[in-house]
Amino acid sequence: MQIWNEIKTDSDVEGFIDKTRALFSYHISSMNYKMYDYENDEVSSLSVILENNHNKIEMLFSHILNFRFGEIRQNTINDTIDSCYLKIHTDMQGKSRQYKIIVWSDRNITPNYHSDAIELGCMNCSAIFAYEMKWRYLDNSEEAEKCLQKE
């Protein structure tokens with residue numbers, strides 16, 4: 001397994017998109033949601049495994065605000081990914097709050113935030129809203145080796 005790559009800046013987002021080729025032709029093969037109660041300061045995490053014919057990638061989201069996954073077909077979710085949306089938003093919780101929210105989706109989306117809720121109802125895609133994200137290759141594939149050489 002490779003080392004974790006954290007998503008904290010726009011440069012990290014660009015690196016993810018470049019190194020993973022925007023997840024083009026990947027599909028979600030599994031996911032695992034966990035919630036921990038550290039003395040009532042609840043922390044949640046969501047691990048998402050994506051695969052294509054050559055590589056396997058894990059994305060790990062922490063402090064989940066909201067998420068949804070599209071329709072499950074042929075043991076995958078939403079079949080293959082055509083485009084990847086990944087952005088760090090600072091505009092989703094009003095001007096008085098300066099939280100950075102990481103938004104990932106397997107389709108191009110325009111995320112909506114109203115009052116204290118993130119709307120996901122009309123989206124025909126998978127989407128995750130969280131405060132933290134990191135990712136890594138899960139195998140020693142050729143693509144993973146190329147990725148490491150770029151760093």
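Provided above is the structure to which this section pertains.
The following paragraphs examine the structure supplied in this document. (Residues numbered from 1 in each chain as written. Predicted model: local features only at pLDDT ≥ 70, side-chain atom pairs only at ≥ 80, totals over all residues. Heavy atoms only, no water.)

A word on the overall build of the protein chain
Secondary structure summary: the protein chain contains two helices and 11 strands in total. Expressed as a percentage of its 151 residues, the buried residues of the protein chain come to 44%. A separation of at least 24 residues holds for 60% of the contacts in the protein chain among residues at least 6 apart in sequence. Split by element, the accessible area of the protein chain, about 8900 Å² in all, is 44% carbon and sulfur. (Helix = DSSP H or I, 4+ residues; strand = E, 2+ residues; numbered from the N terminus. Buried < 20%, exposed > 50% of the residue type's maximum accessible area, 1.4 Å probe, protein only. Contact = heavy atoms within 4.5 Å. Areas by Shrake-Rupley, 256 points an atom, 1.4 Å probe, with all protein chains shown as cover.)

Overview of unusual backbone geometry
Unusually for a residue other than glycine, Arg-21 sits at a positive phi of about 55 degrees. Counting through the fold element by element, Arg-21 comes out in the loop between α1 (10-19) and β2 (27-38). A relative accessible area of 52% places Arg-21 in the exposed class.

Quick word on the pairing of strand β7 (residues 85-89)
Most of β7 is tucked away: four of the five residues are buried. Here five bridges tie β7 to strand β8 (residues 101-105), and the two strands are oriented antiparallel to one another. When the sheet's bridge partners are listed, Lys-87 is paired in β8 with Val-103. (Pairing = 2+ DSSP bridges.)

A few points about the packing of aromatic side chains
Counting across every chain of the model gives four aromatic pairs. Considering the side-chain rings of Tyr-33 and Phe-67, the 5.2 Å spacing of their centres and the 40 degrees angle between planes classify their relative orientation as tilted. Placement of the pair is Tyr-33 in strand β2 and Phe-67 in strand β4 (residues 56-68), with a sequence separation of 34 residues. With a relative accessible area of 37%, Tyr-33 lands in the partly exposed category. Ring centres of Trp-135 and Tyr-137 lie 5.6 Å apart, and the angle between their planes is 70 degrees; on these two criteria the pair is classed as edge-to-face. Residue Trp-135 is classed as buried on the basis of its relative accessible area, which comes to 2%. An aromatic cluster of three or more residues is present, and its members are Phe-16, Trp-135 and Tyr-137. (Phe/Tyr/Trp six-rings, centres within 6.5 Å; stacked < 30°, edge-to-face > 60°.)

Observations concerning the pairing of β8
Within β8, five of the five residues are buried, leaving the element largely enclosed by the surrounding structure. Both faces of β8 are covered, namely the face carrying Ile-101, Val-103 and Ser-105 and the face carrying Ile-102 and Trp-104. In the sheet, β8 pairs with strand β11 (residues 127-137) via four bridges, with the strands oriented antiparallel. Within β11, the position partnered with Ile-102 by the bridge is Ala-130.

Topic: α1
Of all the residues in α1, the buried ones are Val-13, Phe-16 and Lys-19. Along α1, the residues classed as buried sweep out an arc of 140 degrees about the axis, all on the same side. Within α1, the exposed residues directed more than 90 degrees away from the buried face are Asp-10, Ser-11 and Glu-14. Looking one or two residues past α1, Arg-21 carries a phi angle of roughly 55 degrees, positive in sign. (Arc of directions from axis to C-beta.)

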